[in-house]
Amino acid sequence: MSSFAILTDVTKCTGCEECVLACKVTNETGLRDTPRKWQGAATDLSSTRWTTIARTGNRHVRVHCRHCLEPGCAAACPVGALHTTDEGVVAYDPSICLGCRYCMVACPFRMTRYEWGSANPRVRKCILCYEKITGGELKQPACTAACPEGATIFGARDDLLAEARRRIGDDPNRYIDHVWGEHEVGGTSVLYISDVDLVQAGWPSQLPRDAVPELADMVLHTVPTTFVSVGMAMAGIHWVIKRRQKLAAEAAAATAAGPAAAETVTPGDEEQS
C-alpha cells in the first residue's frame, strides 16, 4: 500500500453516524459530547468527536481531518507532536505536545480541536486509527469498517483516486466531475466525490492548489517576536512593582522616624530614588 487514504462517496452516505460511534468506541473519547458554548453544537467536531456528519439539504457529508500530504499543522508544530508518517497519516504524539495550538491556526480546514475542559489539555483529531492498524489490531480505520453503506472506504490513495475517477466516469450524470482532495493544498489523503458542492457542507470555498506550509512559517515567525515582547513587558511590570515597593518602604520608614523625618521625603526625592 502506497499510503493510507479514505474515499467518501457523499451520494451513498445516509447520515446514520455508525462511523462516529465506531470512532468514539475505538479511540475511547467518550460517548457524550459536551463542548463549551464557543465550541459550537454537540454534533460539531470536538476533542471527543473526531469525526461527524455535516448535513446539507438531503445530503450527509462525513467530516474529519483531511490528512494533508504536506500538512500545515505538522509544519507549525514546534516539537513535532504532529507529524506525517511513512503511510501518509498525520499522526499525533500527545506526550510531547506543548498545547501551543499553532496547529489549529495552520490547518486550512480547521479540523484540529483542543481539550478546553481538561487540566492537561491536548490537541485532538482523527489519526486514521494509525497505531491500531500498524500494530495489527485493526485492518482499517474503525469508521470505514463500520459504514453499512460502503459510503466511506479505506485503501491506498492511488487506488482510491482511480476508483473515484471510475465512478465519476461510469455515471457522469450522478457526480460532479471533481475529486475533492486530489489537488487542494497539495493533495489530501481523505478524498470525496459528490453530487453536491461540498462548500455547502463546510468545505472551504477558496483553497490554494499548492501546499500551505507558508501558513506555518507565518505562525512560527511570530514566535521569537512574541517571546521578546512578552519578556520586555514582564520586565517593565517587575521594575514598576519593585519601585513602588521601595518608595512605600521609604515612606513608612520616614513616618516611623517622626514628622520631621517624614517631611524630608518629598516628591523630588522620590523621583531621584
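Quick caveat, the model's predicted, so the values are computed rather than measured. (Residues numbered from 1 in each chain as written. Predicted model: local features only at pLDDT ≥ 70, side-chain atom pairs only at ≥ 80, totals over all residues. Heavy atoms only, no water.)

Chemist: A description of the pairing of strand β3 (residues 59-63) should follow, citing residues and the corresponding values.
Modeler: Burial analysis of β3 places 5 of its 5 residues in the buried class, the great majority of the element. With burial as the criterion, each face of β3 is covered, one bearing R59, V61 and V63 and the other bearing H60 and R62. Where strand β2 (residues 52-56) and β3 come together, 5 bridges link them in antiparallel fashion. Across the sheet, the residue bridging to R55 is H60, located in β3. Linking β2 to β3, which pair antiparallel, is a turn of 2 residues; within it G57 sits at a positive phi near 60 degrees. (Buried < 20%, exposed > 50% of the residue type's maximum accessible area, 1.4 Å probe, protein only. Helix = DSSP H or I, 4+ residues; strand = E, 2+ residues; numbered from the N terminus. Pairing = 2+ DSSP bridges.)

Chemist: Account for helix α6 (residues 157-170), with residues named and values stated.
Modeler: Here α6 contains 14 residues, and its C-alpha end-to-end distance of 20 Å stays within 8% of the 20 Å for a straight helix at 1.5 Å per residue. If you follow the buried residues of α6, they end up packed against β1 (4-9), β8 (152-156) and β9 (190-193). (Expected span 1.5 Å × (residues − 1). Contact = heavy atoms within 4.5 Å.)

Chemist: How would you sum up empty space enclosed by the protein? Please name residues and give values.
Modeler: All chains considered together, the criterion is met by 6 cavities of 30 Å³ or more. Lining the largest cavity are 16 residues; nearest its centre among them are C13, C16, C19, C147 and A151. Looking at the lining of the largest cavity residue by residue, the classes come out as 7 nonpolar, 4 polar and 5 charged. (1 Å grid on protein atoms, 1.4 Å probe; cavity = no way out; pocket = protein on both sides within 12 Å on 5 of 7 lines; lining within 4 Å. Points joined across faces, edges and corners; volume = space filled by probe spheres on them. Nonpolar A, V, L, I, M, F, W, Y, C, P; charged D, E, K, R; others polar.)

Chemist: Can you explain the nonpolar core? Please cite residues and give values.
Modeler: Counting 36 residues, the largest nonpolar core has F4, F109, M111, Y192 and L198 as its most contacted members. Within the residue set of this core, elements represented by two or more residues are β1, α1 (18-27), β2, β3, α4 (130-134), α5 (142-146) and β9. It is α1 that provides the largest number of residues to this core, a total of 3 residues. Aside from chain neighbours lying at most four places away, what touches F4 is E87, V89, L128, Y130, I133, T134, F154, G155 and S189. (Core = buried A, V, L, I, M, F, W, Y, C linked by side-chain atoms within 4.5 Å.)

Chemist: Describe the sheet that holds β1, with residues and values.
Modeler: Spatial ordering of the open sheet is given by β8-β1-β9, a layout of 3 strands whose pairing is mixed. Only two strands of the sheet have a single partner each, and these edge strands are β8 and β9. Across the sheet, the mean angle from the axis of one strand to that of its neighbour is 25 degrees, orientation sign disregarded. Pairing between β1 and β8: 5 bridges, direction antiparallel. Within the sheet, the bridge partner assigned to I6 lies in β8 and is F154. Packed on one face of the sheet, α6 meets β1, β8 and β9 and runs near 130 degrees to β8. (Axes fitted to C-alpha atoms, helices over the stretch in contact; angles between N-to-C directions.)

Chemist: Can you break down the packing of aromatic side chains residue by residue, with the values?
Modeler: Per the stated rule, a full pass over the model turns up 5 aromatic pairs. Measuring from ring centre to ring centre gives 6.5 Å for F4 and Y130, while their planes differ by 55 degrees; the resulting arrangement is tilted. Highlighted residues: F4 in strand β1 and Y130 in helix α4, separated in sequence by 126 residues. What makes F4 buried here is its relative accessible area of 8%. Considering the side-chain rings of Y192 and W203, the 5.9 Å spacing of their centres and the 80 degrees angle between planes classify their relative orientation as edge-to-face. (Phe/Tyr/Trp six-rings, centres within 6.5 Å; stacked < 30°, edge-to-face > 60°.)

Chemist: Quick rundown of the state of the cysteines? Include the residues and the values.
Modeler: Following the criterion strictly, the structure yields 0 disulfides and no others. Distance from the sulfur of C16, which forms no disulfide, to the nearest cysteine sulfur (C147) is 6.1 Å. In this structure C16 comes out as partly exposed when scored by relative accessible area, which is 40%. Take C100: it sits in no disulfide, and the sulfur closest to it among the cysteines is that of C77, at 6.1 Å. (Disulfide = S-S within 2.5 Å.)

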